[in-house]
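A closer look at the structure
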Amino acid sequence: MENQTDRMLIGRPGDAPKSHWKVEAVKFSMALGPKRAAVMSKEEGMDQQPSRPTWSRQIEFTLAGIGCAVGLGNVWRFPYLCYRSGGGAFLVPYLLMLVVLGIPLLYMELSVGQYTRRGPVHALATVCPLLKGVGMASVAISFIMCTYYNIVITWALYYLFNSFQSLLPWQSCNNTWNTPNCTDHATNSSYSSTASQEFFKYRMLGQTSGVEETGTLRWELFLILILAWILIYLCIFKGVKSTGKVVYFTALFPYVILIALLINNVQLPGASDGIDFFIVPEWDKLRSVEVWVNAAAQIFNSIGIGFGSLLAMSSYNSFNNNILKDTLFISITNSLTSILAGFVIFSAFGYMSHLQGIPVSQLAVDGPGLVFIVYPQAFASMPVSQLWAFLFFFMLLCLGLDSEFAMVEVMVTSLLDEFYQPLIRIFKRKELFVLAVCCVAFLLGIPCVMQVGIYVFQLMDHYTAIVSIMFLAFFEILAICWSYGIKRLSSNVKEMTGKKPNIFFRLCWLIVDPVLITVILIFSIIQFKPARYGDYVFPPWAQGVGWVIALASIIWIPLGAIHTLWVLPGSLMKKLKLSIKPYALNDTKGGAGEPSVSVISSSMKLPEKSQFETHF
């Protein structure tokens, strides 16, 4: 037993004496079994791997979580879905989905991340080896999204720089890029277009007629994309230590701007009509299944469930952190921000409808056009328009940045968890590896800054944010709630916080959420509509490319299952039984006989900055 224990423990100068750790590890391994077991494979390499860093202060994780959850979707996708789904009627399913889906599933993800202290790949491989591909799919979908999500930040920067002109360039039709059909006043006519529409379409994008026509590289956007990635790199190159400092500004400052915009907008003529449209429900809309599916999809996309970002961030928490407090704070703040943004946007809609003399319901609003066409158009006729334009696009930049570096952090965390030694051997420093990840994502985003870019963006967004995420959510719930089990998960939460999740959360995890996700997934498949941009419908070959993009994340689920069954020992039946047993993959690394394990309990007094490093 003495020799076995020698292999279990890896000490460092300054730690407690090795004999003390031996005794404690043996005691706790006998008492707790696999409760916090982690195989210490590749022991020599582990000796050189630094202990996992933690947030300098717990408020940094909370702010980073808010920054990750609160993003461009709150001021773009949420108001657009409200507008399309009958205004206030959308708030009913949205708030219901928040309570029964958003909060319980975020609680589940944060619990798994904090307990395993690993990114999504290792965390899912721990709780359900058969579905470890769900973690890999989360990393893939986050990386795909970060390549095109940064394009929205690029657009925001482009508008931001153009806001410093004495006359806003989208304010009039007296520009070289304007067509004879341009009008200074908003219109729904198919024969004319507004100055704001033409600035977005012809000046910034140089948009082609379709995805078949690629056009040339938009050099201005290309250079701004480089700037955007430099900003991202500077935010994350030191890991949670640099991210934790940045989020104090990027997570909090948007609220200052939102409140300032709201105070300004509610004083505009017609603002009350827009706000009425936002808060007064059209109850007939609730009969549409699509409205309920959209509400659930918005909760997933906005909070970031299934993307792995918050799970990765929670892995840097202290083991005894109060997860429920963070869960409630992040999810409720996220939804309140969406509603606050709704008041800001719809008050501007009311102002636009007043200027045009048409009802709010007849305004032309579609996708990215909400924040890059309709809202800039509203600025053009406001007093001190340059100031409001600058503030709005600076807010978009802040909202985009913290969501973007959360997605990049998922890839960085997961790769370092799995390949720390080889990556450090190649790149020498973690900062250089982060730079390499940013460079690859930048190169993959270049098609989006070509003239065909808006079509590439729309195609990627449709098949990633809408198609893939529901599959991921379904299998994640299957892995954690049913395979790992509510009993184990509740026990983990109790070990960390001293208190089990209440009956509401356990019921949601066991029955309500799996059933809801299954129903939503089925209706999403039945009511699936091919990607389109405005009136342009993508050709079949482009739809095929879209499905390849979707499969780039989903394919990891079956591949992960096949790999698990391949590496597990025994007959096929034994492999299947082992594949749904937590820590089964870890046990295979210990060789014949008992695996060498180190058990760490929250009740065991560790040094403040423990040098222990555990693999899950």
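The structure displayed is predicted, hence computed values, not measured ones. (Residues numbered from 1 in each chain as written. Predicted model: local features only at pLDDT ≥ 70, side-chain atom pairs only at ≥ 80, totals over all residues. Heavy atoms only, no water.)

Quick look at the state of the cysteines now. According to the stated counting rule, one finds one disulfide in the structure shown. One disulfide in the model links cysteine 173 with cysteine 182; its S-S distance is 1.9 Å. With the S-S dihedral at roughly -70°, the linkage between cysteine 173 and cysteine 182 falls on the left-handed side. Accessibility classification places cysteine 173 together with cysteine 182 in one group, the buried group. In this model cysteine 481 remains outside any disulfide bridge; the closest cysteine sulfur is found in cysteine 508, 9.7 Å from its own. (Disulfide = S-S within 2.5 Å. Buried < 20%, exposed > 50% of the residue type's maximum accessible area, 1.4 Å probe, protein only.)

For the chain, mean pLDDT is 79; residues scoring 70 or higher make up 83% of the total. Counting contacts from residues 1-49, a segment whose pLDDT is below 50, to residues more than four positions away or on other chains yields 98 contacts. Low pLDDT, under 50, characterises residues 590-616; the stretch is placed with 82 contacts to residues that sit more than four places away or in other chains. (pLDDT = per-residue confidence, 0-100. Contact = heavy atoms within 4.5 Å.)

On the surface, Trp482, Leu507, Leu510, Ile511, Val515 and Val519 cluster together to form a nonpolar patch covering roughly 550 Å² of accessible area. Examining the composition of the nonpolar patch, we find that five residues originate from one element, helix H22 (residues 503-526), more than from any other. Relative to the assigned elements, isoleucine 511 resides in helix H22. (Patch = residues over 30% accessible without salt bridge, like charges linked within 9 Å, V, L, I, M, F, W, Y side chains within 5 Å. Areas by Shrake-Rupley, 256 points an atom, 1.4 Å probe, with all protein chains shown as cover. Salt bridge = Lys/Arg side-chain N within 4 Å of Asp/Glu carboxyl O. Helix = DSSP H or I, 4+ residues; strand = E, 2+ residues; numbered from the N terminus.)

In an α-helix, one turn spans 3.6 residues, which is why side chains three or four residues apart end up on the same side. The end-to-end C-alpha distance of helix H17 (residues 323-356) is 49 Å, a good match for the 50 Å that 34 residues give at a rise of 1.5 Å each. Counting buried residues along H17, 24 of its 34 residues qualify, which places the element largely inside the surrounding structure. (Expected span 1.5 Å × (residues − 1).)

Right, let's get into the side chain of glutamine 207. Considering the arrangement of structural elements, one finds glutamine 207 in the loop between helix H10 (195-204) and helix H11 (219-236). Taking relative accessible area as the criterion, glutamine 207 reaches 13% and is therefore assigned buried. Polar contacts involving the side chain of glutamine 207 include one to the side chain of tyrosine 455, which spans 3.1 Å. Not counting chain neighbours up to four residues away, the residues in contact with glutamine 207 comprise Lys201, Gln451, Ile454, Tyr455 and Tyr533. (Polar contact = N/O pair within 3.5 Å; in protein donor to acceptor, adjacent residues only side chain to side chain.)

With that out of the way, let us pick up the packing of helix H9 (residues 133-162) against helix H23 (residues 540-554). Two elements in contact, H9 and H23, have axes separated by 7 Å at closest approach and are oriented at 140°. Between H9 and H23, the interaxial angle falls into the category oblique. Contacts between H9 and H23 involve Ala137, Ala140, Ile141 and Ile144 on the former and, on the latter, Ile549, Ala552 and Ser553. (Axes fitted to C-alpha atoms, helices over the stretch in contact; angles between N-to-C directions. Parallel < 35°, antiparallel > 145°, perpendicular 65-115°, else oblique.)

Before going further, it helps to spend a moment on the environment of tryptophan 155. With respect to the helices, strands and loops of the structure, tryptophan 155 is situated in helix H9. Put simply, tryptophan 155 and alanine 228 are 73 residues apart on the chain and 10.0 Å apart in space, counted from C-alpha to C-alpha.

This part is about the environment of glycine 206. Note on placement: glycine 206 falls in the loop between H10 and H11. Considered as a pair, glycine 206 and threonine 216 are ten residues apart in the sequence and their alpha carbons are 8.9 Å apart. Not counting the four nearest positions on each side in its chain, glycine 206 is found in contact with Lys201, Arg218 and Gln451.

Turning to unusual backbone geometry, a few remarks are in order. In this model, arginine 117 sits at a positive phi of 55°, which is unusual for a non-glycine residue. Mapped onto the fold, arginine 117 is located in the loop between helix H7 (91-116) and helix H8 (120-127). Despite not being glycine, lysine 428 shows a phi value in the positive range, around 70°. Summarising the element assignment, lysine 428 is placed in the loop between helix H19 (385-427) and helix H20 (430-445). Residue classification places lysine 428 among the exposed positions, given a relative accessible area of 60%.

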